[in-house]
Amino acid sequence: MTALDLVLPSTCAGCGLHGTACCATCFAGLGPPEPIRVPGVGPPVWTLAAYHGAARELVLGFKERGARALSAWFGAVVACALIAVGQGPWTLVPAPSRRSAARERGGDHMLRIAREVEIASVAPVLRLGAGVADSVGLTAGARRRNLAGRVEVCGRPPPGTTVLLDDVITTGATASACVRALRGAGVRTHAVVVLTSARPHQPGQ
Ligand SMILES: [Zn+2]
C-alpha cells in the first residue's frame, strides 16, 4: 500500500465498484484457465479470460492506469492456473516489456505479478533488445519481424516446469519469440499462461 492508496479510496478496475481494487464479480471472471490453440507457439497456451469486458479493464487498469494492487489478485489466479498446467515445482518466466514501457509504468508489470505467485519461483531471464516498437496496431507479420532476434536470454530458470507468463495474447508473436529464444538457450518452455486472450474464441480447442 502506498500513501496514495490511503488518500484515494480504491475502486474496482473492472467495473468501478467502490471499496476494492477488484470486486468479487470481476475476480470470478478470471478463470478457470482454459487451453487455447495458438499456431506457431509450440507449448500449450492457457488463458484465464477473454480480452474483453471486466477482464480487459482489469488488465488495462493494472498495466496502464497504475492499479498496482491488482498484482495480488492476478497472482492468485495465476497460481491456480499453474496447478492446471502441470506438476510443480514451477518457474515463471515473465514475458519482457519494452524498456521504455517498463520505465513509464514504474517497473516490469508481468514481473510484479509473477512475484505474487507464492507457489512458484520467478526467473526474469528474458529481455527485449533495443529497437523493439510497440506492437499495438501491427499485423501478425510485422509483430514477428519486430521481435525477430530481439528477445535476449540472460540466465537460466531452475529445473522444473517452466511457464512463460504474459498479459494478453493476440497473434502469439511475443509468446513464440520468447519460447524460441529460450529454446535457443537450451531451456524448454512447458506452457504459456496469459491473463487474457484477444484471439477469436474457437470452441472445442
Ligand atoms: Zn468489479
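Shown above is the structure to which this text applies.
For the structure given in this document, a descriptive report is provided here.

Each value, and the rule that gives it
- Residues numbered from 1 in each chain as written.
- Predicted model: local features only at pLDDT ≥ 70, side-chain atom pairs only at ≥ 80, totals over all residues.
- Helix = DSSP H or I, 4+ residues; strand = E, 2+ residues; numbered from the N terminus.
- Rg over C-alpha atoms; globule rule 2.2 N^0.38 Å.
- Buried ≥ 20, exposed ≤ 12 C-beta atoms within 10 Å, placed from the backbone.
- Contact = placed C-beta atoms within 7 Å.
- Core = buried A, V, L, I, M, F, W, Y, C linked by C-beta atoms within 7 Å.
- Pairing = 2+ DSSP bridges.
- Axes fitted to C-alpha atoms, helices over the stretch in contact; angles between N-to-C directions.
- Parallel < 35°, antiparallel > 145°, perpendicular 65-115°, else oblique.
- Left-handed = near helix turned anticlockwise from the far one by under 90°.
- Expected span 1.5 Å × (residues − 1).
- Right-handed = clockwise from strand over helix to strand, strands pointing away.

### Details of the overall build of the chain
Part 1 of the reasoning: Of the regular secondary structure elements, the chain holds 8 helices and 8 strands.
Part 2 of the reasoning: Taking 2.2 N^0.38 as the reference for a compact globule, 205 residues should give roughly 17 Å; the C-alpha atoms of the chain span a radius of gyration of 16 Å, in line with that estimate.
Part 3 of the reasoning: Dimensions of the chain along its principal axes, counting C-alpha atoms only, are 45 × 35 × 35 Å.
Part 4 of the reasoning: Counting the 205 residues in the chain, one finds 41% classified as buried.

### Points about the environment of Leu-147
Part 1 of the reasoning: By the secondary structure assignment, Leu-147 is in helix α7 (residues 140-147).
Part 2 of the reasoning: Leu-147 sits in the buried class, given 21 other C-beta atoms within 10 Å.
Part 3 of the reasoning: Between the C-alpha atoms of Leu-147 and Ala-133, which are 14 residues apart in sequence, the distance is 8.6 Å.
Part 4 of the reasoning: The contact partners of Leu-147, leaving out residues within four places of it in the chain, are Val-132, Ala-173, Thr-174 and Ala-177.

### As for the nonpolar core
Part 1 of the reasoning: Core analysis: the largest hydrophobic core is formed by 59 residues, its most contacted members being Leu-165 and Cys-178.
Part 2 of the reasoning: When sequence neighbours within four positions are dropped, the list of residues in contact with Leu-165 reads Val-78, Leu-92, Val-93, Pro-94, Ala-95, Met-110, Ile-113, Ala-114 and Val-193.

### Some points on the sheet that holds strand β2 (residues 45-50)
Adjacent strands of a sheet form backbone hydrogen bonds with each other and so pair up, either parallel or antiparallel.
Part 1 of the reasoning: The mixed open sheet is built from 6 strands, whose spatial order is β1-β2-β8-β7-β3-β4. The sheet is open, and its two borders are formed by β1 (34-36) and β4 (120-122), each paired with just one other strand. For this sheet the average axis-to-axis angle between neighbouring strands, irrespective of direction, equals 35°.
Part 2 of the reasoning: On the sheet, helix α3 (residues 53-64) packs against β2, β7 (161-169) and β8 (191-197) and is oriented at approximately 100° with respect to β8.

### Here's the deal with the packing of α3 against helix α4 (residues 70-85)
Part 1 of the reasoning: Between α3 and α4, whose axes approach to 10 Å, the crossing angle comes to 130°. By the angle between their axes, α3 is oblique relative to α4. Judged by the sense of rotation from one axis to the other, the crossing of α3 with α4 is left-handed. On α4, the residues touching Leu-58, Gly-61 and Phe-62 of α3 are Leu-70, Ser-71 and Phe-74.

### Quick look at helix α8 (residues 173-184)
Part 1 of the reasoning: With 12 residues, α8 should reach 16 Å at 1.5 Å per residue; the first-to-last C-alpha distance of 16 Å fits that figure.
Part 2 of the reasoning: Among the 12 residues in α8, 9 count as buried, and that is most of the element.
Part 3 of the reasoning: Those residues of α8 that are buried lie in contact with β2, β5 (126-128), α7, β6 (151-153), β7 and β8.
Part 4 of the reasoning: Among the residues trailing α8, Gly-186 stands out with phi positive, at a value near 80°.

### Details of the pairing of β7
Part 1 of the reasoning: Across the 9 residues of β7, 8 count as buried, placing the element largely inside the fold.
Part 2 of the reasoning: Here strand β3 (residues 90-94) runs beside β7; their pairing, made up of 5 bridges, is parallel. Across the sheet, residue Leu-92 finds its bridge partner in β7, namely Val-163.
Part 3 of the reasoning: Relative to β8, β7 is paired through 6 bridges, and the arrangement is parallel. Paired with Val-168 across the bridge in β8 is Thr-196.
Part 4 of the reasoning: Regarding the hand of the β-α-β motif, the stretch spanning β7, α8 and β8 is right-handed.

### Here we look at unusual backbone geometry
Part 1 of the reasoning: In this chain, Gly-31 is followed by Pro-32 through a cis amide linkage whose omega measures 0°.
Part 2 of the reasoning: Backbone torsion omega between Gly-88 and Pro-89 reads 0°, so that peptide bond is classified as cis.
Part 3 of the reasoning: Relative to the helices and strands, Pro-89 is located in the loop between α4 and β3.

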